[in-house]
Amino acid sequence: LRTTEENLLTHQERTKRFELAYTHTMYYLAQVYKNLGQNERSATYCHSTLQRQLKLKEFNPMEWALNAASLSQYYIIKGNYMEGRHCLSAATVVAGLAGEAPSEAAAQESETESEAREQLRQKRADIARCWIKYCLNLLQDAKKQLEDNIGELDTDRQEESKRARRQEEEEEEKGRKSAVLFGSEDTFDSIASLEEKVCCLCPLDFTEARAVFLVGQNYVTQAKEYFQMDGYVTDHVEILQDYSALFRALAFFEEDLERRCKMHKRRVDMLETICNDLNSRYYLMIRRQLMFELAEIYSEMMDLKLMLANRQSDTQSLDSHTVKKFNHLCSTSAKYFQMFLDSLCSPEGKVPEHLEEEVLRPALVARFRVARLYGRIISSPASDQLENLNKSLDNYKYVVQYCESHPEATATVETELELSREMSRCRRPPYPVPSNRSPPSAAPTDTAPRHTRRKAPAPRMSTSPLKNVEACRTPSLRRRGEEGDGATAPPAAGRAQRVNHKYRK
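Overview of the structure. Remember, it's a predicted structure, so these values are computed and weren't measured experimentally. (Residues numbered from 1 in each chain as written. Predicted model: local features only at pLDDT ≥ 70, side-chain atom pairs only at ≥ 80, totals over all residues. Heavy atoms only, no water.)

**Some thoughts on helix α3 (residues 39-56)**
Given 3.6 residues to a turn, an α-helix orients residues that are three or four positions apart in the same direction.
Stage number 1. Taking 1.5 Å of rise per residue, 18 residues should cover 26 Å, and α3 covers 26 Å from first to last C-alpha, within 8% of that figure.
Stage number 2. All of the buried residues along α3 are Ser42, Ala43, His47, Ser48, Thr49, Leu50, Gln51, Arg52 and Leu54.
Stage number 3. Those residues of α3 that are buried lie in contact with α2 (11-35), α4 (61-77) and α5 (81-96).
Stage number 4. Immediately downstream of α3, the backbone of lysine 57 shows phi near 60°, a positive value. (Helix = DSSP H or I, 4+ residues; strand = E, 2+ residues; numbered from the N terminus. Expected span 1.5 Å × (residues − 1). Buried < 20%, exposed > 50% of the residue type's maximum accessible area, 1.4 Å probe, protein only. Contact = heavy atoms within 4.5 Å.)

Structure follows, in structure tokens:
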């Protein structure tokens, strides 16, 4: 039965009330399905709710934009980049309807203006960070699609994927026509225009990958303008870690090894100073993540230098500068892995007898990698070579002994444990120790059998390459609780917990 008030309403007003009630019902259904664990149905209702709010023009621009950006993260996790791009484009356009943030001078004169300026700048920076995740995950998925069994670009897969691209583009257009699109008369064209500037298909070569990278780099700059080091340490470091991951993903598509090395050097430049400047008392978890990543970067640069040296050795002997550069990269990688391990020790420097679950795999993999790195340093004096081999053997033995005393750890490092047992049984150096008069060799020779070879950033020069087990952070989406391979590093305190950094094989 209608109330007196409802009887006084016009048909148009009653229709609008009904539409709003229907929109709220869809919103509540989205929450219900989310709590029931039916994420796909929840996302569908969220998408429809946002579309109806935009059509009815009943929304707060910044709140709507943040909700759309958050929804994009679900689509990106599922690999639905077309829908993720649409949500982010709509979020960017609608956020612009909120107008410009008050000037700094106006913010100083009024507390209200100051609060409004802060909220607008922060929310726009949050949307920029969602764009970064979009670009990063698109590049990383393309890398997984195109890499071979040693982590390099598989040209056969690349050509096959290019042939299949036309079909993907047709399916994209078909999916676009059937999707629920955001937009009103005021925003539809702007959203479509922004979408055209960003690819939603996995890049297949360096040119396409670079276009995605540049979009991500632009949003890195926007996000850093608000989340500065002074006041937002955790957020600033997370953005730099994502920026580093963008460079790493782009380097995969680069064929020139020298240019690829320079990309990794950019990663070192942006992370190394911050890692050394942060106070371990307050940012221990973040420092551990940075130390592990820096160790991985130097290791990747070492592998690339090894490939260049291998090509050079075909035409001329290695010079002392090349050997010195290789040893520097190798030693620096080992140094950062050791810094990570030292951060796990007590204040007195005592190695823990029991490793916590969140650092178990990272710690054991770091030991394994240190052992392997010391075994690869090129030394002419027999005494130096012998010292490095003893350090290598000690770290291999640690992995074996820890797993023997803690059987539950075996499952987390099965492959590394197998190789460590093989290396620790060696009663002599795994390769000849050169005399003082002998010239440095191009590279040490590992003794692991060929069938154990796994993914590595670059092919080895040794005739029987040791398996390169990677244990690096894999950036995941913001607000993403996705499980990955390997153990997860302890999340940093505060806002850092929003991004789940992982160590993977």
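Now that the structure has been shown, the text picks up again.
**Brief notes about the packing of aromatic side chains**
Stage number 1. Under the definition given, this model contains 20 aromatic pairs.
Stage number 2. With centroids separated by 5.7 Å and ring planes inclined at 80°, the aromatic side chains of tyrosine 81 and tyrosine 134 adopt a geometry described as edge-to-face. With tyrosine 81 in helix α5 and tyrosine 134 in helix α7 (residues 111-146), this pair connects stretches of sequence that are 53 residues apart. Considered together, tyrosine 81 and tyrosine 134 belong to a single accessibility category, that of buried residues. (Phe/Tyr/Trp six-rings, centres within 6.5 Å; stacked < 30°, edge-to-face > 60°.)

**With respect to the nonpolar core**
Buried together is how nonpolar side chains tend to be arranged in soluble globular proteins.
Stage number 1. Tyr134, Leu246 and Leu364 are the most contacted members of the largest nonpolar core, which totals 114 residues.
Stage number 2. A per-element tally of this core places α7 first, with 14 residues.
Stage number 3. Excluding its chain neighbours within four sequence positions, the residues that come into contact with leucine 364 are Leu355, Tyr398, Val399, Tyr402, Cys403, Ala409 and Val413.
Stage number 4. Counting residues in each nonpolar core, the second largest holds five residues, with Ala371, Tyr396, Leu419 and Met423 among its members. (Core = buried A, V, L, I, M, F, W, Y, C linked by side-chain atoms within 4.5 Å.)

**Focus on the packing of helix α11 (residues 233-253) against helix α12 (residues 257-277)**
Stage number 1. Put simply, α11 and α12 touch, their axes get as near as 9 Å, and they point 170° apart. In terms of axis orientation, α11 runs roughly antiparallel to α12. Contacts from His236, Val237, Leu240, Gln241, Tyr243, Ser244, Phe247, Arg248, Leu250 and Ala251 of α11 reach α12 at Arg260, Met263, His264, Arg266, Arg267, Met270, Leu271 and Ile274.
Stage number 2. For the contact of α11 with α12, the residue count by class is 10 nonpolar, four polar and four charged. (Axes fitted to C-alpha atoms, helices over the stretch in contact; angles between N-to-C directions. Parallel < 35°, antiparallel > 145°, perpendicular 65-115°, else oblique. Nonpolar A, V, L, I, M, F, W, Y, C, P; charged D, E, K, R; others polar.)

**Description of the environment of leucine 50**
Stage number 1. Take leucine 50: it is sitting in helix α3.
Stage number 2. Distance in space between the C-alpha atoms of leucine 50 and threonine 23 is 8.7 Å, their sequence separation being 27 residues.
Stage number 3. Those residues in contact with leucine 50 that lie beyond four places of it in its chain are Trp64, Asn67, Ala68, Leu71 and Phe182.

**Quick notes on unusual backbone geometry**
Stage number 1. Phi is positive for lysine 57, close to 60°, though the residue is something other than glycine.
Stage number 2. Locating lysine 57 in the fold gives a position in the loop between α3 and α4.

**What about the pattern of salt bridges?**
Once their charged atoms are close, side chains differing in charge can pair, the charge on each being opposite to the other.
Stage number 1. This structure, assessed with the given rule, holds 20 salt bridges.
Stage number 2. Where aspartate 205 meets lysine 162, a salt bridge forms, and the shortest distance between an N and an O atom there is 3.7 Å. Separated by 43 residues along the polypeptide, aspartate 205 in the loop between α9 (188-195) and α10 (206-226) and lysine 162 in helix α8 (residues 155-178) bring together distant segments of the chain.
Stage number 3. Look at aspartate 205 and you get partly exposed, because its relative accessible area is 21%.
Stage number 4. Since its relative accessible area comes to 35%, lysine 162 is described here as partly exposed.
Stage number 5. With a closest N to O distance of 3.9 Å, lysine 305 and glutamate 258 form a salt bridge. Taken as a pair, lysine 305 in helix α13 (residues 280-313) and glutamate 258 in helix α12 lie far apart in primary sequence, 47 residues in all.
Stage number 6. Sharing partners across several salt bridges, the network here consists of Arg248, Arg267, Glu293 and Glu300. (Salt bridge = Lys/Arg side-chain N within 4 Å of Asp/Glu carboxyl O.)

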